[in-house]
Amino acid sequence: MTQHRTTAEWQALSREHLLAPFSDYKQLGAKGARIVTRADGVYLWDSEGHKILDAMAGLWCVNVGYGRRELADAAHRQMLELPYYNLFFQTAHPPAIELANAIAEIAPEGMSHVFFTGSGSEANDTVLRLVRHYWAIKGQPSKKVIIGRINGYHGSTVAGASLGGMQAMHEQGDLPIPGIEHIAQPYWFGEGGALDPQAFGEWAANELEKKILEVGEENVAAFIAEPIQGAGGVIIPPESYWPRVRQILAKYAILFVVDEVICGFGRTGEWFGSQYYGLEPDLMPIAKGLTSGYIPMGGVIVRDEVAQTLAEGGEFYHGYTYSGHPVAAAVALENIRILREEKIVERVKQETAPYLQRRWQELADHPLVGEARGLGMLGALELVKDKQTRARFEGQGVGMRCREHCFGNGLIMRAVGDTMIVSPPLVITPAQIDDMLLLVRKCLDATAAEVL
Ligand code: PLP
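Criteria and cut-off values
- Residues numbered from 1 in each chain as written.
- Predicted model: local features only at pLDDT ≥ 70, side-chain atom pairs only at ≥ 80, totals over all residues.
- Heavy atoms only, no water.
- Near = heavy atom within 4 Å.
- Polar contact = N/O pair within 3.5 Å; in protein donor to acceptor, adjacent residues only side chain to side chain.
- Axes fitted to C-alpha atoms, helices over the stretch in contact; angles between N-to-C directions.
- Helix = DSSP H or I, 4+ residues; strand = E, 2+ residues; numbered from the N terminus.
- Parallel < 35°, antiparallel > 145°, perpendicular 65-115°, else oblique.
- Left-handed = near helix turned anticlockwise from the far one by under 90°.
- Contact = heavy atoms within 4.5 Å.
- Nonpolar A, V, L, I, M, F, W, Y, C, P; charged D, E, K, R; others polar.
- Core = buried A, V, L, I, M, F, W, Y, C linked by side-chain atoms within 4.5 Å.
- Buried < 20%, exposed > 50% of the residue type's maximum accessible area, 1.4 Å probe, protein only.
- Pairing = 2+ DSSP bridges.
- Expected span 1.5 Å × (residues − 1).
- Salt bridge = Lys/Arg side-chain N within 4 Å of Asp/Glu carboxyl O.

Colleague: Describe the site of the ligand, listing the residues and the values that go with them.
Modeller: Around the ligand, the neighbouring residues are Ser119, Gly120, Ser121, Asn124, Tyr153, His154, Gly155, Glu226, Asp259, Val261, Ile262 and Lys288. Within the backbone of glycine 120, an N or O atom sits 2.9 Å from an oxygen atom of the ligand.

Structure (structure tokens):
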């Protein structure tokens, strides 16, 4: 238990000692952090006792909702039995083995191997090292370049931030590292110009082939992409995009890495976004929904052919102290058991996602909303000055204003520029979706009253 303090005391202590991730330190200094103290179901409570509907499931991760005693019990039992051991040097333990087996059961056909990490970023560091190692074993060590996408997000470590295409991250500290290339994103609303969505989707996919030819197939190791860009602003590619990417990848010997850190574990209504879109990845980084965020854990699900090649290569000099951590593995196993036994993924597909999407579309009539899009348990609203021309507000921080109204009204929505996004816990009920929609509309109205 943490000690009880007043909000002001926590804020002061936090200001003095805590360097928080992705936080504007100048702003934090002036305003003080929001202190979240407890959670249950789809709700959080802050240190002032306000109840907040968490429409972001933490950071896209609390798939089974907060307050699951079973997960706490699983951690407790495992801590007493074997709190730590590692998987290095030909050792293993039951939780990691059982978890790899459970993941193989839900993963796409032919992807029955898992390398465990502590996070999604570490999973993508593993991807970078693994794909280069793979091609070296195959006798093609020149195949080193990885193609990612502008505005993609693959984490915050040096490799993760380099694979991602976030300009602001690249500007701090000379990223990306060499050997990483980025192509355009399939963001029709923001960048489609005069093209219709399908033509734009094909254009964006063709950028991959252009890049492969420019770099030379003999130098390209892999293409990495999120099925739906999350942190970039819930960017759902036009329907033409993935089929065309698949056609291109079929022509070249390049590994396909589908980053499932957000889409994995049910968010699209399938276990993995790859299954939703019919992709056939070679590697799938995972994290977040793997443990519903209750404890840190990530991994890379590996196609059997790739695992076979790795086996031929002898030792892979790679791993983390916490790879397959027994307590994290026990929690992940229990989390997967809950997702399966409560048929949460099926419920998302058949009931909750169709309901959320139908209700989400109602927001398209709001004067501030240029587009209301969504898929599965993901939603985005593009806030615009002119619905017809898709023209945005310039320099008014409309997204941040809207986000402030959300906090003020007991709702967490995230702002990516002027795109408002949601990714609620998968267990949210239709009645709670109704509550969420009421709050969203209220916050849009409050924002519109200031800027329109
Ligand atoms: N990949 C994707 C698609 C993500 O959205 C994230 C985090 O948001 C990551 C990787 C990085 O995961 P982590 O924050 O666990 O390192």
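Colleague: Mind laying out the packing of helix 15 (residues 344-361) against helix 17 (residues 430-451), listing which residues take part and the relevant values?
Modeller: Where helix 15 contacts helix 17, the two axes come as close as 10 Å, and the packing angle between them is 25°. In terms of their interaxial angle, helix 15 and helix 17 are classed as roughly parallel. Crossing hand, helix 15 versus helix 17: right-handed. The segment helix 15 lies against helix 17, with Glu351, Thr352, Tyr355, Leu356, Arg359 and Trp360 engaging Pro430, Ile433, Asp434, Met436, Leu437 and Val440. Tallied by class, residues from the contact of helix 15 with helix 17 come to eight nonpolar, one polar and three charged.

Colleague: If you had to explain the nonpolar core to someone new, which residues and values would you point to?
Modeller: Core analysis: the biggest nonpolar cluster contains 66 residues, and Trp360, Leu381 and Met436 have the highest contact counts within it. When neighbours within four sequence positions are excluded, methionine 436 is seen to be in contact with Leu53, Ala55, Leu356, Trp360, Leu411, Val422 and Ile428. Core analysis: the second largest hydrophobic core is formed by 41 residues, Leu44, Ala204, Val234 and Phe407 among them.

Colleague: Describe the sheet that holds strand 13 (residues 411-412), listing the residues and the values that go with them.
Modeller: With respect to topology, four strands assemble into an open sheet ordered 1-2-3-13, the strand pairing being mixed. Each edge of the open sheet carries a strand with a single partner, namely strand 1 (36-40) and strand 13. When strand 1 meets strand 2 (residues 43-46), the two strands line up antiparallel, connected through four bridges. Within strand 2, the position partnered with valine 36 by the bridge is aspartate 46. Most of the contacts of helix 17 go to strand 3 (residues 51-54), to which it runs at about 105°, and overall it touches strand 2, strand 3 and strand 13.

Colleague: Requested: an account of the sheet that holds strand 14 (residues 414-416), with residues and values cited.
Modeller: Pairing between sheet strands relies on hydrogen bonds along the backbone, with the strands arranged either parallel or antiparallel. Ordered by their spatial adjacency, four strands build an open sheet running 11-12-15-14, and the pairing between neighbours is antiparallel. The open sheet is flanked by strand 11 (369-375) and strand 14, the only strands paired with a single partner. On average, adjacent strands in this sheet sit at an angle of 20° to one another, irrespective of strand direction. By the bridge criterion, three bridges tie strand 14 to strand 15 (residues 419-422) in an arrangement that is antiparallel. Counted as the bridge partner of alanine 415 is methionine 420 from strand 15.

Colleague: I'd like a rundown of the side chain of serine 47, residues and numbers included.
Modeller: Mapped onto the fold, serine 47 is located in the loop between strand 2 and strand 3. Among the polar contacts made by the side chain of serine 47, one reaches the side chain of threonine 7 at a distance of 2.9 Å.

Colleague: Hey, could you go over the pairing of strand 12 (residues 378-383) for me, with residue numbers and the actual values?
Modeller: In terms of residue burial, strand 12 counts as a mostly covered element, since six of its six residues are buried. Residues Leu378, Ala380 and Glu382 line one face of strand 12 and the alternating positions Gly379, Leu381 and Leu383 line the opposite face, and both faces are buried. Direction of pairing for strand 11 relative to strand 12: antiparallel, over a ladder of six bridges. If you follow glutamate 371 over to strand 12, its bridge partner there is glutamate 382. The turn linking strand 11 back onto strand 12 is made up of two residues, and glycine 376 within it adopts a positive phi angle of 55°. In this structure, strand 12 lies alongside strand 15, joined through four bridges in antiparallel fashion. Note on strand 15: the bridge partner recorded for alanine 380 is isoleucine 421.

Colleague: Quick rundown of helix 14 (residues 326-341)? Include the residues and the values.
Modeller: If you check helix 14, its first and last C-alpha atoms are 22 Å apart, about what 16 residues at 1.5 Å a residue would give, namely 22 Å. In terms of burial, helix 14 is largely enclosed, as twelve of its 16 residues are buried. The complete set of buried residues in helix 14 reads Pro326, Val327, Ala328, Ala329, Ala330, Val331, Ala332, Glu334, Asn335, Ile336, Ile338 and Leu339. For helix 14, the elements touching its buried residues are helix 4 (69-81), helix 5 (94-106) and helix 15. Backbone geometry just after helix 14 places lysine 343 at a positive phi near 50°.

Colleague: Give a detailed account of the side chain of histidine 182, specifying residues and quantitative values.
Modeller: If you trace the backbone, histidine 182 turns up in strand 6 (residues 180-183). Polar contacts involving the side chain of histidine 182 include one to the main-chain carbonyl oxygen of serine 162, which spans 3.0 Å. At 3.2 Å, the side chain of histidine 182 and the backbone oxygen of leucine 163 are in polar contact. Leave out the neighbours within four places in its chain, and histidine 182 touches Gly148, Arg149, Ile150, Ser162, Leu163, Gly164, Gly165, His170, Pro176 and Lys211.

Colleague: An account of the pattern of salt bridges is requested, with residue identities and associated values reported.
Modeller: By the definition in use, this model includes 22 salt bridges. Ionic pairing is found between glutamate 305 and lysine 138, a salt bridge with its closest N-O pair at 3.2 Å. Taken together, the residues span a long stretch of sequence, with glutamate 305 in helix 13 (residues 304-312) and lysine 138 in the loop between helix 6 (120-137) and strand 5 (145-149) at a distance of 167 residues. For glutamate 305, a relative accessible area of 37% puts it in the partly exposed group.

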